[in-house]
Amino acid sequence: MTRFMRFIRYFHFKIPEKEKEHFARKLVGFSSEEMYSVVADVEHYDLFVPFCTRSVILSKNTKKLNANLEIGFPPIVENYTSNVTLSRPNFVRAVCSDGKLFHYLETNWKFSPGLKSNPRSCIIDFYICFRFKSIVHSQIALFFFDNLVNKMEKAFLEEARRRYGEATVPSHPLEVVKS
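Here the structure is a predicted model, which is why all the values come from computation and not from measurement.

Here is what the cut-offs are and how they apply
Residues numbered from 1 in each chain as written. Predicted model: local features only at pLDDT ≥ 70, side-chain atom pairs only at ≥ 80, totals over all residues. Heavy atoms only, no water. Helix = DSSP H or I, 4+ residues; strand = E, 2+ residues; numbered from the N terminus. Buried < 20%, exposed > 50% of the residue type's maximum accessible area, 1.4 Å probe, protein only. Contact = heavy atoms within 4.5 Å. Polar contact = N/O pair within 3.5 Å; in protein donor to acceptor, adjacent residues only side chain to side chain.

**Some details on unusual backbone geometry**
A negative phi angle is the norm for most residues apart from glycine, just as the trans form is the norm for most peptide bonds. Put simply, Arg88 and Pro89 share a cis peptide bond, and its omega is -5 degrees. Residue position: Pro89 is located in the loop between β4 (76-87) and β5 (91-96). Residues other than glycine seldom take positive phi values, yet Phe51 does so here, at roughly 70 degrees. Here Phe51 shows up in the loop between α3 (45-48) and β2 (52-60). By relative accessible area, which is 32% here, Phe51 ends up partly exposed.

**Things to note about the side chain of Thr107**
Mapped onto the secondary structure, Thr107 falls in strand β6 (residues 102-113). Filtering out sequence-adjacent residues up to four positions away, Thr107 remains in contact with Val92, Arg93, Ala94, Tyr127 and Ile128.

**Digging into the side chain of Ser55**
As for its position among the elements, Ser55 is in strand β2. Among the polar contacts listed, one links the side chain of Ser55 to the backbone oxygen of Val42, at a separation of 3.3 Å. Reaching out from Ser55, the side chain makes a polar contact with the backbone oxygen of Glu43 at a distance of 2.9 Å. The contacts of Ser55, once residues within four sequence positions are left out, are Val42, Glu43, His44, Tyr45, Asp46, Asn68 and Leu69.

See below:
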């Protein structure tokens, strides 16, 4: 441990985090298939995902796709490849490890049946984790992180509403159970 790190630890200064993760669980008024279709539609992320300014599919089959995505929230604009694993209608996982901005970025969406009395409902388990290469980028993102995640979750639900009509039940946060 360097002398500077010992100094920081001794005086209890918080070293900026580079890694951030978020778990969320919600009951929503859209089916697993409907939500899967929205989340798996990476080609159109630039039309509805906040700060996504470009989304281009590089390769695609029924189980995987690779996409080049550009995210921009000035002064940061970054281009990266996302490797997406698809399991219709249950799961979408996207992993990036080639960007200049991130050491890694991973998002997972899991869709499970919702209310037994309402087949047009599902439970969404959402997870995002990333690690920045730069402390400056980390600090900027951490400042806006909660707002950014909320906007992102809301954008996917708004897109489902635009495509499939009003939700059959209001979105309701559920307790996250970490395993």
